[in-house]
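# Analysis of the macromolecular model
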Amino acid sequence: MKILILTNSDALSAPTIKKMVDDGSLVGVGIIKKSKPQIEPVLKNIGLQEDQILALERRTWISELSQFISKNEIEIVWVLTFPWIIPNDLFDIVPKGFINFHFGLLPKYKGADPIFWQLKNNEEIGGVTIHLMNDKIDEGPVLMREELRIIPGENYGLHCKRLGEFTSTLTEKLIEKLSNNQNNYLKLDSEIETYESKPSIEDLTIYWNKQTAEEIECLINATNPKYSGANTKLAGFEMRILEVTPVTMQGAIQAEPGQIVHADVVYGLVVACINNEFLRITIAQTGEGFLSGVKLFNLGFLTGHQFTN
């Protein structure tokens with residue numbers, strides 16, 4: 001079976017690409033041109049040759065992809081994250097169609113970036129849904145739907161790494177299904193269907209006076225590293241927080257949500273949240289670089305200073 005893979009994420013696709021290279025079934029990989037500096041070295045390290053890597057231009061990608069499919073007699077296209085909507089004309093020129101790898105458990109979390117929303121919403125179970133593509137987003141007959149437990153405290157990058165490795169283990173079963181034309185598609189529960197759009201600035205922002213410590217930690221994990229952390233301000237300085245640790249404070253502490261209640265060279269900064277909960281700032285990012293909580297203390301952020309959204 002001659003396979004072409006479309007991807008815009010090396011972490012999610014690299015293990016599967018390597019397995020297909022080793023099996024001899026992968027003809028090429030299509031990526032968007034602006035991601036080439038990041039993804040191409042990974043693909044070459046796996047073993048792909050220059051002529052197997054198709055860097056697609058936004059204005060001409062449909063014709064470029066069509067020509068590659070026809071020239072190389074591609075039988076099926078696997079899509080492991082791709083930002084552009086694939087037109088019906090392309091579906092028609094591939095004998096076995098386009099297969100989408102959706103990194104969530106459909107029908108929940110249809111739409112953009114299901115990994116972010118699952119982590120932000122503190123889901124216990126993630127996974128991948130593999131389905132035939134049609135002209136509707138995250139629709140089409142489902143071939144496989146496999147669960148992967150989310151590790152407590154896991155951030156976006158770590159979960160992507162595990163998902164990528166996990167997905168590569170499913171390829172043999174998938175190819176067997178496709179080769180044998182097994183049309184035993186899965187029936188999904190439409191009552192749990194949800195759709196999420198691409199995260200907005202508001203979705204990526206910490207609201208200290210509304211969100212619990214757990215909700216803030218989940219948001220921060222969901223934004224690290226893809227969105228460079230969760231947005232906030234400290235004493236008027238814009239920054240993004242990439243890691244926090246829940247802590248317990250002794251005694252009664254009167255503080256507004258977002259206020260620093262402890263600061264020193266050992267623990268760095270401890271911040272009050274609603275419900276008398278507290279978070280220690282472990283890693284933050286400003287325009288000047290990545291800073292630990294201790295470094296923020298050394299720079300002069302002290303007890304009483306206020307985080308705001």
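The rules behind these values
Residues numbered from 1 in each chain as written. Predicted model: local features only at pLDDT ≥ 70, side-chain atom pairs only at ≥ 80, totals over all residues. Heavy atoms only, no water. Helix = DSSP H or I, 4+ residues; strand = E, 2+ residues; numbered from the N terminus. Buried < 20%, exposed > 50% of the residue type's maximum accessible area, 1.4 Å probe, protein only. Contact = heavy atoms within 4.5 Å. Areas by Shrake-Rupley, 256 points an atom, 1.4 Å probe, with all protein chains shown as cover. Phe/Tyr/Trp six-rings, centres within 6.5 Å; stacked < 30°, edge-to-face > 60°. Pairing = 2+ DSSP bridges. Expected span 1.5 Å × (residues − 1). Disulfide = S-S within 2.5 Å. Axes fitted to C-alpha atoms, helices over the stretch in contact; angles between N-to-C directions. Parallel < 35°, antiparallel > 145°, perpendicular 65-115°, else oblique. Left-handed = near helix turned anticlockwise from the far one by under 90°. Nonpolar A, V, L, I, M, F, W, Y, C, P; charged D, E, K, R; others polar.

Now for the overall build of the chain. The secondary structure content of the chain amounts to 9 helices and 16 strands. With respect to the principal axes defined by its C-alpha atoms, the chain has extents near 70 × 45 × 30 Å. The burial tally for the chain puts 47% of its 309 residues in the buried class. Restricting to contacts in the chain with at least 6 residues of sequence separation, those with at least 24 account for 65%. Carbon and sulfur atoms make up 48% of the accessible area of the chain, which totals about 15300 Å².

This part is about the packing of aromatic side chains. Scanning the entire structure with this criterion turns up 10 aromatic pairs. Considering the side-chain rings of W61 and W84, the 5.5 Å spacing of their centres and the 45° angle between planes classify their relative orientation as tilted. Of this pair, W61 sits in helix α3 (residues 61–71) while W84 sits in the loop between β4 (76–80) and α4 (88–92), and the two are 23 residues apart along the sequence. Accessibility expressed as a relative area gives 3% for W61, which makes it buried.

Looking now at helix α8 (residues 213–223). Burial of α8 is extensive: 9 of the 11 residues sit out of reach of the surface. Restricting attention to buried positions, one finds in α8 the residues A213, I216, E217, C218, L219, I220, N221, A222 and T223. Here the buried face of α8 lies against α5 (114–120), α6 (156–168), β10 (230–234), β11 (237–247) and β14 (278–286).

Further remarks concern the pairing of β14. In summary, the side chains of a regular strand alternate between the two faces of the sheet. In terms of strand pairing, β11 meets β14 through 7 bridges, oriented antiparallel. If you follow I241 over to β14, its bridge partner there is A284. With 4 bridges joining them, strand β13 (residues 268–272) and β14 adopt antiparallel strand pairing. In the strand pairing of β14, V270 is matched with R280. The loop that links β13 with its antiparallel partner β14 comprises 5 residues; one of these, N275, has a positive phi angle of about 65°. Examined bridge by bridge, β14 and strand β15 (residues 289–292) share 4 bridges and lie antiparallel to one another. Paired with Q285 across the strands is F290, a residue of β15.

Attention now goes to helix α1 (residues 10–23). The first and last C-alpha atoms of α1 sit 19 Å apart over 14 residues, in line with the 20 Å expected at 1.5 Å per residue. Residues of α1 that are buried include every one of L12, S13, A14, P15, T16, I17 and M20, and no others. Just downstream of α1, G24 is the residue with a positive phi angle, here 80°.

Here the focus is the state of the cysteines. Counted by the stated rule, this structure contains 0 disulfides. Left without a disulfide partner, C273 is nearest to the cysteine sulfur of C218, which lies 12 Å away.

Two elements in contact, α1 and helix α2 (residues 36–46), have axes whose closest approach is 10 Å; the angle formed by their N-to-C orientations is 25°. Considering their axes alone, α1 and α2 lie roughly parallel with respect to each other. Crossing hand, α1 versus α2: right-handed. Touching D10, A14, I17, K18 and V21 of α1 are Q38, I39, V42, L43 and I46, all from α2. Here the contact of α1 with α2 is composed, by residue class, of 7 nonpolar, 1 polar and 2 charged.

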